[in-house]
Amino acid sequence: MTEEVQLSLRAYAKILSHAVQNPYTAVNGVLLSPEDEDKERLDVVDVVPLFHYNTSLSPMLTVALTQIEEYATNRSLRIAGYYHGNEHHDDNEVGFVAARIADKIVENCETGCLLIINNTLLNHLATELPFRVFHPIRSTDRIDWKEGDKPRLQFGERGLARGPEIMKTHLYRSLVDMDHHYDNVRCSWDNGALNEAVKLFSESLPVSQEE
Amino acid sequence: MLRDPETVHPVNENKTWPDIRDTLREWRKDHVRCSERIVELGEYALTHYSSNLGNEKWAVYEQLCVAALDLCPSKMQVVNRCIQKLAEQFPSSLRVSMLEGLRLEYLKKWEEALEMYNSMIEYEPTFPAPYKRKVAIFKAQGKIADAVSELNTFLDTFSCEHESWLELADLYIGQQSYKQALFCVEELLLQYPHNHLYHQRYADILHTLGGKENLEASCKYYCKAAELNPSNVRALYGVLMSSSALASIGKVSAKVKSDHQTLAAWAADMIEEHYKAERVDKSVMLETVSVLDKLSPK
């Protein structure tokens, strides 16, 4: 079972932006990793933010997952997990809805994980990642989610400093999720502009310090 | 309220006075909870355009106060200043007391806030706001069963409060009590039979419940939503999903299967037309066509 999870700066920026852009509702999304995966480590290179409303009703979830599978296949990526931020500030547990959606998402992949946004750590972005990671323990008729180590972040501490920067520059305001897309299909959920901004962050970090 | 994402720039950049006033009005009318934006624009308007606002400034103070509470602790001074100004202008006002109650809630002084709301209800039982805040306090404390019970009691008397029916539906959905959620949306459909969003919501819950009868009903409600608003992409996808599922669920006659397939094909065409009309990128268009094919019945 894969225990180590690494988050790219791009993935971190998008999950954080999704949570902060929608502080009053639950948020969720899908984790993407390269198709030819490293079995020792789950490399989350990108995410697709799903919803900030109707996070638990099924029809649009099925449509969105089909769209994301198509998108991922065309870019040599695969769906590798699910992230969820609960509505309530003090609720940082794996709820029923998060577990059932995560079950569905990982049932067809060998390695995958469930990332829960730890809302209480959103005030401590400079010092630690606001996530809890859970790995699937599969038995014949169910999946249980067991907590693992926190994910590593691309660029380590220097990457962590980008969290407060995203807050200060209000970069999170421009994030597009699938709810925005279904409201207005011209909004593109691959978030090209945000990807570029994060690329500029990473290019300002010395390559030799990448961890 | 569902809206497009915004730019990162300050909201008052290059805005003229009428734009600023109209934006704040629109957000008040639609109860938009974009608190950061409201604080930016509200503070700017009250600083630079106080005399232009005239009596409208009191509504802006109230709007700014509620938004600033969402940004506390950094905006606590703004909250206190707004409450002070409003209390001076409107002594003994229930609306100002509501703001004081919200401030107590932010400080997690639940008992004091509940006491304040209960005394407001005793003084003026027809004012709906304090009842709703009691529900919000239960939600904030994680006492969802109490929130549901309180909201049900409130709706027994105030059955026209559509925002509350929506909130109750959301609470039930969060508990996977879909049948109770359906009942709430039925109340909304009775009051607003031409609202495409309520038809679509009802269909979403039916589809989530699943089973042949619920899928048939969800298909009808999705069709109604699409009829009321042909740009409701979720409704169109809903027609596609439900008719595709019905074309293959259980034993269906060739005629029924053919009808469902025709409906699914219609929905897929409508979605494709919608994406074309909105001039999405070519790559998005190609991926969408492929996805529609995957979601269609075989």
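Our structure's up above, just so we're on the same page.
The sections below set out a description of the structure shown in this document. Note that the structure is predicted; figures quoted are calculated from it, not measured.

### So, the pattern of salt bridges
All names here are of chain B.
Inference 1: In the structure shown here, the tally under the stated rule is 38 salt bridges over all chains.
Inference 2: With its nearest N and O atoms 2.9 Å apart, the salt bridge here joins Glu56 to Arg25. Separated by 31 residues along the polypeptide, Glu56 in helix H4 (residues 56-70) and Arg25 in helix H1 (residues 17-29) bring together distant segments of the chain.
Inference 3: Among the residues examined, Arg25 registers a relative accessible area of 37% and is labelled partly exposed.
Inference 4: In this structure, Lys75 and Glu43 form a salt bridge, with 3.5 Å as the shortest nitrogen-oxygen distance. With Lys75 in the loop between H4 and helix H5 (76-89) and Glu43 in helix H2 (residues 35-48), this residue pair connects regions lying 32 residues apart in the sequence.
Inference 5: Its relative accessible area of 23% is what places Lys75 among the partly exposed residues.
Inference 6: Look at Glu43 and you get partly exposed, because its relative accessible area is 23%.
Inference 7: Three or more residues joined by partner-sharing salt bridges are found here, namely Arg21, Asp22, Arg25, Arg28 and Glu56.

### Some points on the interface of chain B and chain A
Inference 1: The partner chain A presents 40 residues to the 43 residues of chain B that form the contact.
Inference 2: Of the roughly 3,600 Å² buried between chain B and chain A, counting both surfaces, carbon and sulfur atoms make up 54%.
Inference 3: Scanning the region where chain B abuts chain A turns up eight salt bridges.
Inference 4: The shortest N-O distance in the salt bridge between Arg173 of chain A and Glu40 of chain B comes to 2.8 Å.
Inference 5: Our count for the contact surface shared by chain B and chain A stands at 16 residue pairs in polar contact (both at pLDDT 80 or more).
Inference 6: Sorting the residues of the side of chain B that touches chain A by element identifies H2, helix H8 (129-140), helix H10 (162-174), helix H12 (196-209), helix H14 (233-248), helix H15 (254-277) and helix H16 (282-295) of chain B as the ones contributing at least two each.
Inference 7: Among the residues forming the side of chain B that touches chain A, the class breakdown is 16 nonpolar, 10 polar and 17 charged.

### With respect to helix H2 (residues 58-73) of chain A
Residues and elements named next belong to chain A.
Inference 1: The end-to-end C-alpha distance of H2, which contains 16 residues, comes to 22 Å, matching closely the 22 Å that a straight helix rising 1.5 Å per residue would cover.
Inference 2: Of all 16 residues making up H2, 12 are buried, and the element is well covered by its neighbours.
Inference 3: For H2, every residue scored as buried is listed here: Pro59, Met60, Leu61, Val63, Ala64, Leu65, Thr66, Gln67, Ile68, Glu70, Tyr71 and Ala72.

Rules used throughout
- Residues numbered from 1 in each chain as written.
- Chains lettered and ligands numbered in written order.
- Predicted model: local features only at pLDDT ≥ 70, side-chain atom pairs only at ≥ 80, totals over all residues.
- Heavy atoms only, no water.
- Salt bridge = Lys/Arg side-chain N within 4 Å of Asp/Glu carboxyl O.
- Helix = DSSP H or I, 4+ residues; strand = E, 2+ residues; numbered from the N terminus.
- Buried < 20%, exposed > 50% of the residue type's maximum accessible area, 1.4 Å probe, protein only.
- Contact = heavy atoms within 4.5 Å.
- Buried area = accessible area lost by both parts, 1.4 Å probe.
- Polar contact = N/O pair within 3.5 Å; in protein donor to acceptor, adjacent residues only side chain to side chain.
- Nonpolar A, V, L, I, M, F, W, Y, C, P; charged D, E, K, R; others polar.
- Expected span 1.5 Å × (residues − 1).

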